[in-house]
Amino acid sequence: MSTATPTAPQRRSATAAASNYIDERTSLSVFVKELGRKAFPDHWSFLLGEVALFSFVVVLITGTFLTFFFQASMAEVEYDGSYVPLKGVEMSVAMASTLDISFDIRGGLFVRQMHHWGALLFVAAIGLHMLRVFFTGAFRKPRELNWVIGFTMFILAMGEGFTGYSLPDDLLSGNGLRIIDGMIKGIPLIGTWTSFLLFGGEFPGTAIVGRLYSLHILLLPALLVALVAVHLLFVVVHKHTHYAAPGRTQQNAVGPPILPIYAAKAGGFFFIVFGVLALIASMFTINPIWNYGPYDPSPVSAGTQPDWYIGFADGALRLIPPGWEFVWLDRTWSFNILVPLIALGLFILLVVSYPFIEAFVTGDKREHHIADRPRNAPTRTAIGAAGVTFYAGLWAAASSDILATHFRLTMEGVIHALQAVVLIGPFIAYFIAKRVCLALQKKDREIVLHGYESGRIVKLPGGEFIEVHQPLDEYDRWKLVSYETNQPLMLRPNDRGKITVAQKIRAGMSRWFFEDRIAPVTKGELEASHHSSQH
Amino acid sequence: MAQDDHSGAELAAADSSHAANVPAVKTGTALIQADAFENPGFPPHRPRVTDEDPKKERRAQRTVYTLFYLSILGSVWAIAAYMLFPIESNDVGAVRLNNMFIGLGATLALLGIGFGAVHWAKALMEDVELADERHKIGGNEVARAGAVKVFQDADRESGFTRRSVIRNSLIGALVVFPLPAIVLFRGWAPQDEHPVELLSHTMWQKGTRLALDPSGAPIKAADVTIGSAFHVIPEGLNDLEHGRLEQKAKAAVLLMRLNPEDLNENVNRTSWSYNGIVAYSKICTHVGCPVALYEQHTHHLLCPCHQSQFDVADHCKVIFGPAKRPLPQLPIAVDDEGYLIAQSDFTEPVGPSFWERH
């Protein structure tokens, strides 16, 4: 009976039969066996990347719907749709079809708003995800390349946002394009011709919406989808980082299995992101182009704002003091445009190269799979705080006029204050963040050595009141002591008896990074503190 | 503090928590403490309330399926809303209702699934936690040696290194072949137009009447009262078959009449104004936004995009903001019928700076 031969007929369920059919043609069972029970570390901060991924999916779905109705043409038509105030107004087909999506197609406005809100969330979530990765040091070996890929996607996402924003050819987006045109023209040597080629002749021309549409629905999404795939592939190859906790080490990845818990949670979370975007889109208007009207180079309304992610670039333009433009060698040098472009270029270059800079400074070639608590890397955290302040100052500057009118300040005062924020603010933020990190580390040491405050007040026989400190158990303690510090590099001659310039730079930078440091409590120190408290 | 007690000798990479990396891996500046605490291992598993209390478990189960049923209800609602709230022509309110009720139905449909699935996972699925072993990311020695051998074999069989003339000519061909594709992109702009030429001229010429934007009606000098400001286009702009917006993007003008005593005019430009009426390009010299905000009592113009401010009384000199150059002035006069006309085109390119401008 037990010698059932392979040929013995068995009743198989339809699912089993289908699985078998597919497996024999795809070898899918190997993947399921390999991936299905992978442990996936869990933490709220890991959701930020998921928000980015899921909002991208929502934007793809809603965007596909919109392409069936939108017409990327700048041919002039007389509007004859449902929106009465614009009836008879000359506008481009792009604008008219966007109005039709909003006013003549049931649910069209809902999908359009979900698309726009989703795009805003997409860029925001990438930004927050990058901050999480930065502050926890999750960019360290072996994940440096994935940082670069993620960074590239951030830039592409902003490109997607801007191209999409410009498609309706309304007054606001047209002015945005005019600003881009003005910036391009200010670039030495190639600026004038670049603008001419981009717009197919003089601004605004009749080509730009169609060209941006090709970028928006074909080139940029294709790049993004490809990079998302590589990004996630790397997550599988590297396995996700996890935070220090009892039982978690550099050699394991601890978490619920992909099937069923992670799949249910992440799958459910996709629907939550989708649902929240649907809720926002059904309740809150975004980009009411019908209020702005079609593009016309002459009118403009006060208090215009770009979408949030372009704010830092627009703000950078506003903060330049008067007079930064010269004629030299019979050519115009527009430093009022070049300086913002170069400053932002250097800033994003610093962001993308940070993992390599830190790796150079530490010289650490090990793999790191345990994410740092930000306080345990004070200099990195301080650098991040400085960068955030720099960005925030530029971003606020994009609303300088609104700040001035809302708070009844002078336009000049707001600009000067924000110039100070951008130039001095990063240094202040750096200093404060570093001190706060070191103070928090000291507090951690204090808690490990002397226990936490139990809230229990005891009166001693001598009349003295003390608060009883409760020692930590070994699991809580592990979270506070399981980190590494670095020490500044000691300059030593190499094999040929020389001290190279690179070594000197590295030594100087490591001094900057690691001179101030608080080491974790060791076993000996804890023992010593117990002894001293007994006497 | 004790944090410096351990500086000095760099300890060998004995850090047990990095054992996956062979000892040869450099630890760099990392300070590895010999006396560090050891990982205590996994803490004891703590059951959830739904594991211990069957009542709570049943309640969680009810919550989950209720959420899924609510989702179905939301989907049905959204479909019903599509039909029940049509968009009546010419009624913005109907659009709002259509948007909101379809949207809320979809929201319920999506959030029901989302919260249901997450709650199922968190409250009812066994809270299994697995520990996967990590392996060094780089391939092992055997794999690397294998890869090296593949390339060596391929090189030997193809002669890629040996036949350097073939190789180099191939590299050359590969470098050159995309160039025609790049040249094709010249087609992005018209062949017979030159940008510097176009940027240097506008539609204004001697005798063109100043007309109201957007109606196109010519303006009589007598109608311009002191303190007023007009948005101006060249007469005939609206009749252009082609290039109306391109011309308007260069030719838009602001016309203001100031008290002649307030005008601080340059000697060689006194003939460019008429009775305190002055005309300036509306296109910002920073990046080209329309400088549309005029403050009458200070006679300042403000660009709403980047807040450059220009003083109309002083030939639109920049008094604040990132712009450098004053707004170009359009010389104006009055014709026989009393209409304002241009004496000529602008005497310099309008709008944002560009490389070839001087």
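Quick caveat: nothing in here was measured; it's all calculated off a predicted structure. (Residues numbered from 1 in each chain as written. Chains lettered and ligands numbered in written order. Predicted model: local features only at pLDDT ≥ 70, side-chain atom pairs only at ≥ 80, totals over all residues.)

Caption draft 1: Structural view of the sheet that holds strand E6 (residues 277–281) of chain B. Residues and elements named next belong to chain B. Reading across from one edge, E3-E4-E5-E6 is the order of the four strands in this open sheet, with antiparallel pairing throughout. Across the chains shown, the open sheet's two edge strands, defined by having one partner strand only, are strand E3 (210–212) and E6. On average, each strand axis in the sheet is tilted by 40° relative to the strand beside it, whichever way the strands run. In terms of strand pairing, strand E4 (residues 229–234) meets strand E5 (residues 253–257) through four bridges, oriented antiparallel. Within E5, the position partnered with Phe 230 by the bridge is Leu 255. (Pairing = 2+ DSSP bridges. Helix = DSSP H or I, 4+ residues; strand = E, 2+ residues; numbered from the N terminus. Axes fitted to C-alpha atoms, helices over the stretch in contact; angles between N-to-C directions.)

Caption draft 2: Focus on the interface of chain B and chain A. On the side of chain A, 114 residues touch chain B, which itself brings 97 residues to the contact. Looking at the side of chain B that touches chain A element by element, the count peaks at 18 residues for helix H3 (residues 92–124) of chain B. Split by residue class, the side of chain B that touches chain A holds 55 nonpolar, 27 polar and 15 charged. Note: strand E4 (residues 252–255) of chain A against strand E2 (residues 130–133) of chain B, four bridges, orientation antiparallel. Bridge pairing links Gly 255 of chain A to Leu 130 of chain B in E2 of chain B. (Contact = placed C-beta atoms within 7 Å. Nonpolar A, V, L, I, M, F, W, Y, C, P; charged D, E, K, R; others polar.)

Caption draft 3: Examining the sheet that holds strand E8 (residues 300–302) of chain B more closely. Residues and elements named next belong to chain B. The strand order across the open sheet formed by four strands is E7-E8-E9-E10, and the pairing between neighbours is antiparallel. Two strands in the sheet have a free side with no partner beyond their single neighbour: strand E7 (293–295) and strand E10 (317–320). Averaged over neighbouring strand pairs, the angle between their axes works out to 30° when direction is ignored. Sheet topology note: the E8/strand E9 (residues 309–311) ladder contains three bridges and is antiparallel. When the sheet's bridge partners are listed, Leu 301 is paired in E9 with Phe 310.

Caption draft 4: Representation of the domain arrangement of chain B within the structure. Partitioning chain B into structural domains gives domain 1 (1–40), domain 2 (54–124), domain 3 (141–184) and domain 4 (198–342). Computed over C-alpha atoms, the centres of domain 2 of chain B and domain 3 of chain B are 58 Å apart. (Domains from an automatic or database assignment.)

Caption draft 5: Layout of the UniProt feature "domain: Rieske" (unreviewed entry) in chain B. The UniProt entry lists residues 250–341 of chain B under the feature "domain: Rieske" (unreviewed entry), expressed in the numbering used here. Each end of residues 250–341 of chain B is marked by a C-alpha atom, and these two atoms are 17 Å apart; helix forms 2% of the span and strand 30%. (UniProt positions renumbered as here; feature names shortened; annotations may be inferred.)

Caption draft 6: Highlighting the UniProt feature "transmembrane region" (unreviewed entry) in chain B. All names here are of chain B. Under the UniProt annotation, "transmembrane region" (unreviewed entry) lies at residues 64–85, 97–118 and 170–189. Between the first and last C-alpha atoms of residues 97–118 the distance is 31 Å; the span itself is 100% helix and 0% strand. Its end C-alpha atoms 33 Å apart, residues 170–189 is made of 65% helix and 0% strand.

Caption draft 7: Summary view of the domain arrangement of chain A. Under the domain assignment, chain A is made up of domain 1 (46–294) and domain 2 (444–534). If you average the C-alpha positions of domain 1 of chain A and of domain 2 of chain A, the two centres end up 45 Å apart.

Caption draft 8: Representation of the nonpolar core within the structure. Counting 176 residues, the largest nonpolar core has Phe 122 of chain A together with Leu 210, Val 253 and Leu 255 of chain B as the members making the most contacts within it. The leading source of residues in this core is helix H5 (residues 108–135) of chain A, at 15 residues. Each residue touching Phe 122 of chain A, except ones within four places of it in the same chain, is listed here: Ala 52, Ser 55, Phe 56, Val 59 and Ala 157 of chain A. Counting residues in each nonpolar core, the second largest holds five residues, with Val 448, Trp 478, Leu 480 and Val 481 of chain A among its members. (Core = buried A, V, L, I, M, F, W, Y, C linked by C-beta atoms within 7 Å. Buried ≥ 20, exposed ≤ 12 C-beta atoms within 10 Å, placed from the backbone.)

Caption draft 9: The arrangement of the packing of helix H6 (residues 144–166) of chain A against helix H13 (residues 335–362) of chain A in detail. Residue and element names in this part refer to chain A. In contact at an axis separation of 8 Å, H6 and H13 are set at 165° when each is read in the N-to-C sense. Taken together, the axes of H6 and H13 are roughly antiparallel relative to one another. The handedness of the crossing between H6 and H13 is right-handed. Residues Glu 144, Trp 147, Val 148 and Phe 151 of H6 touch H13, and the partners they reach there are Val 351, Val 352, Pro 355, Phe 356 and Ala 359. Residue composition of the contact of H6 with H13, grouped by class: eight nonpolar, no polar and one charged. (Parallel < 35°, antiparallel > 145°, perpendicular 65-115°, else oblique. Left-handed = near helix turned anticlockwise from the far one by under 90°.)

Caption draft 10: Inspection of helix H18 (residues 474–481) of chain A at higher detail. All names here are of chain A. Turning to H18, its buried residues number three or more, namely Arg 477, Trp 478, Leu 480 and Val 481. Down the axis of H18, the buried side of the element spans an arc of 165°, and every buried residue falls inside it. Those residues of H18 hidden inside the fold are in contact with helix H17 (425–450). (Arc of directions from axis to C-beta.)

Caption draft 11: Focus on the UniProt feature "domain: Cytochrome b/b6 N-terminal region profile" (unreviewed entry) in chain A. The UniProt entry lists residues 18–244 of chain A under the feature "domain: Cytochrome b/b6 N-terminal region profile" (unreviewed entry), expressed in the numbering used here. Helix makes up 68% of residues 18–244 of chain A and strand makes up 4%, while its end C-alpha atoms are separated by 43 Å.

Caption draft 12: Main features of the confidence of the model for chain B. All names here are of chain B. For chain B, mean pLDDT is 90; residues scoring 70 or higher make up 93% of the total. Per-residue pLDDT stays below 50 along residues 1–22; that stretch engages in 31 contacts with residues further than four places along the chain or on separate chains. Complex prediction metrics read pTM 0.93 and ipTM 0.92. (pLDDT = per-residue confidence, 0-100.)

Caption draft 13: Molecular detail of the environment of Val 339 of chain A. Residue and element names in this part refer to chain A. By secondary structure assignment, the location of Val 339 is in helix H13. Given 17 C-beta atoms within 10 Å, Val 339 falls into the partly exposed group. With 22 residues separating them in the primary sequence, Val 339 and Leu 317 have C-alpha atoms 8.6 Å apart. When neighbours within four sequence positions are excluded, Val 339 is seen to be in contact with Ile 320 and Trp 324.

Caption draft 14: Summary view of unusual backbone geometry. Put simply, Lys 141 of chain A and Pro 142 of chain A share a cis peptide bond, and its omega is 5°. With respect to the helices, strands and loops of the structure, Pro 142 of chain A is situated in the loop between H5 and H6. With an omega of -10°, the peptide bond between Phe 203 of chain A and Pro 204 of chain A qualifies as cis. Structurally, the position occupied by Pro 204 of chain A is in the loop between helix H8 (191–198) and helix H9 (208–238). Backbone geometry places Asp 169 of chain A, a non-glycine residue, at a positive phi of 60°. By secondary structure assignment, the location of Asp 169 of chain A is in the loop between H6 and helix H7 (171–185). A tally of 26 C-beta atoms within 10 Å means that Asp 169 of chain A is categorised as buried. Its identity as a non-glycine residue notwithstanding, Cys 316 of chain B has a phi of 55°, on the positive side. Following the sequence through the fold, Cys 316 of chain B ends up in the loop between E9 and E10.

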